[in-house]
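Listed below are the residues making up each chain.
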Amino acid sequence: MPRRETSALLDQHWRAQARIGAGVSAVALAQWSRVSPLALAVSGRAWLAVVLALVRRERARSRETAAAFLRLYRAVETGRTLPPLDGGDGDDVVTLGELREEWARQSETVRLPERDDGERVRVDEFDWPEEPEDDHDRAAVVSLVATGTGRVQRELEALAEPDDEGPGRLDDPRILAELDALMGRAGAQAAGVADREALRGGRAMLDAASRADRRVIGWARVTDGDPCAWCAMLASRGAVYRSRAVAGIRGLNGHDLPPVQRDDLEKYHPMCHCQTVPVYSRAEFMSEQARSYWQQWQDVTRGASGPEALRAWRRHFDAQRRT
């Protein structure tokens, strides 16, 4: 199980990222009220321009937050850290207290003095990965259009089609009610995508940096406060390691569970605030929450495997969330 400071830091990290994503989502949804289905092309372009500018700005903040997290997290776990994201002054040594101050500023959390604040930490040479800004912009535009104005356009065309009950006119009360519901669904889904695209900055940076960091031996999923069944299942698997040689034949945690793929850890749905974090130690990486999910999985899927086990897990987990 992660040590006390590590557990607190992991929790602070997903919460700090969640605040970034939720802020973007709220603005995207508020701006969606200006999108008119009667002038979809013009109003949709205006909405996209505002939201894309916001996503770009907050994507950079997500990246900076992830870098501050990784510097402190690596120091706590290994006794060595990485240089500042912006290059800084090139110091070879930094104190834990300085790293904690940096993290508190970036994550907007309250920091209390620690006895080992003065402990010196060696800074390893490391080149932070560059952000592929153009690729991220393209991904954001495609997703925002597909779930927002693109969805409205597709469903508008379907609404305008005559059916057996009469013409599908846009001034028909039934059609207007359906149109209002459509705009609400599309706006909510597009706002969720804006959340995810803002957090892409930090998630992609953590992924690329940890792949380049030779001290990283694996990765684990850290769930937010209300994960879906899929995210909870990923967390229940503990760490996914770089190689079998590192992990051992059955895995270090002794849990003989179906494995997950490394790439699965990097899949995030809209409004998901889970994070994938690097693992530096061969010690078991299982939070209390993840351990609970593991036990529930064992109980719920006993005698089942493959898709049948996943269906049983989803039924169980969704029922728990409803109650």
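Because the structure is predicted, anything quoted here is derived from the model rather than measured. (Residues numbered from 1 in each chain as written. Predicted model: local features only at pLDDT ≥ 70, side-chain atom pairs only at ≥ 80, totals over all residues. Heavy atoms only, no water.)

Caption draft 1: Structural view of the sheet that holds strand β3 (residues 120-123). With respect to topology, three strands assemble into an open sheet ordered β1-β3-β2, the strand pairing being mixed. The open sheet has two free edges, formed respectively by β1 (80-81) and β2 (93-95), since each of these has just one partner strand. As paired elements, β1 and β3 share two bridges and run parallel to each other. Residue pairing across strands places Thr81 opposite Val123, the latter belonging to β3. Sheet strands in contact with helix α3 (residues 96-107) are β1, β2 and β3, and its direction is about 70° off that of β2. (Pairing = 2+ DSSP bridges. Helix = DSSP H or I, 4+ residues; strand = E, 2+ residues; numbered from the N terminus. Contact = heavy atoms within 4.5 Å. Axes fitted to C-alpha atoms, helices over the stretch in contact; angles between N-to-C directions.)

Caption draft 2: Spatial organisation of the pattern of salt bridges. A full pass over the atoms with the stated rule returns 28 salt bridges. A salt bridge links Glu102 to Arg71, with the shortest nitrogen-to-oxygen separation between them at 2.7 Å. Here Glu102, found in helix α3, pairs with Arg71, found in helix α2 (residues 40-78); they are 31 residues apart in sequence, far enough to count as distant. Arg71 carries the same exposure label as Glu102, and that label is buried. Each of Glu5, Arg100, Glu101, Arg111, Asp116 and Asp117 takes part in salt bridges that share partners, so that together they form one network. (Salt bridge = Lys/Arg side-chain N within 4 Å of Asp/Glu carboxyl O. Buried < 20%, exposed > 50% of the residue type's maximum accessible area, 1.4 Å probe, protein only.)

Caption draft 3: Focus on the packing of aromatic side chains. Using the criterion set out here, one finds eight aromatic pairs in the structure. Taken together, a centroid distance of 5.1 Å and an interplanar angle of 15° make the contact between Phe69 and Tyr73 stacked. Here the residue Phe69 and the residue Tyr73 both occupy positions in helix α2, the gap between them amounting to four residues, near one helical turn. Phe69 gets classed as buried once you look at its relative accessible area, which sits at 0%. Note on Tyr293 and Phe317: the rings are 5.6 Å apart at their centroids and 70° apart in plane angle, and the pair reads as edge-to-face. Here the residue Tyr293 occupies a position in helix α9 (residues 288-300), and Phe317 occupies one in helix α10 (residues 306-322), the gap between them amounting to 24 residues. (Phe/Tyr/Trp six-rings, centres within 6.5 Å; stacked < 30°, edge-to-face > 60°.)

Caption draft 4: Region of the structure containing helix α5 (residues 149-159). Residues of α5 that are buried: Thr149, Gly150, Arg151, Val152, Leu156 and Leu159. Check the buried side of α5 and you find it contacts α1 (4-32), α2, α4 (133-147) and α6 (173-212).

Caption draft 5: Layout of the packing of α9 against α10. Two numbers describe how α9 lies on α10: the axes approach to 10 Å, and their chain directions differ by 120°. It follows that α9 is oblique to α10 by the angle criterion. Remark: the crossing between α9 and α10 carries right-handed chirality. Where α9 abuts α10, its residues Tyr293, Gln296, Trp297 and Val300 lie against Ala309, Leu310, Ala312, Trp313, His316, Phe317 and Gln320. Partitioning the contact of α9 with α10 into residue classes produces eight nonpolar, three polar and no charged. (Parallel < 35°, antiparallel > 145°, perpendicular 65-115°, else oblique. Left-handed = near helix turned anticlockwise from the far one by under 90°. Nonpolar A, V, L, I, M, F, W, Y, C, P; charged D, E, K, R; others polar.)

Caption draft 6: Structural context of the environment of Arg311. By the element assignment, Arg311 lies in helix α10. As a C-alpha pair, Arg311 and Ala229 span 82 residues in sequence and 9.8 Å in three-dimensional space.

Caption draft 7: Up close: the sheet that holds strand β4 (residues 218-222). In spatial order, the strands read β5-β4-β6; together these three strands make up an open sheet with antiparallel pairing. Every other strand in the sheet has two partners, leaving β5 (239-241) and β6 (275-279) as the edge strands with one partner each. Between one strand and the next, the sheet's axes are offset by a mean angle of 30°, whatever the strand orientation. By the bridge criterion, five bridges tie β4 to β6 in an arrangement that is antiparallel. If you follow Arg221 over to β6, its bridge partner there is Thr276. Relative to the sheet, α1 contacts β4 and β6, its axis offset from that of β6 by approximately 145°.

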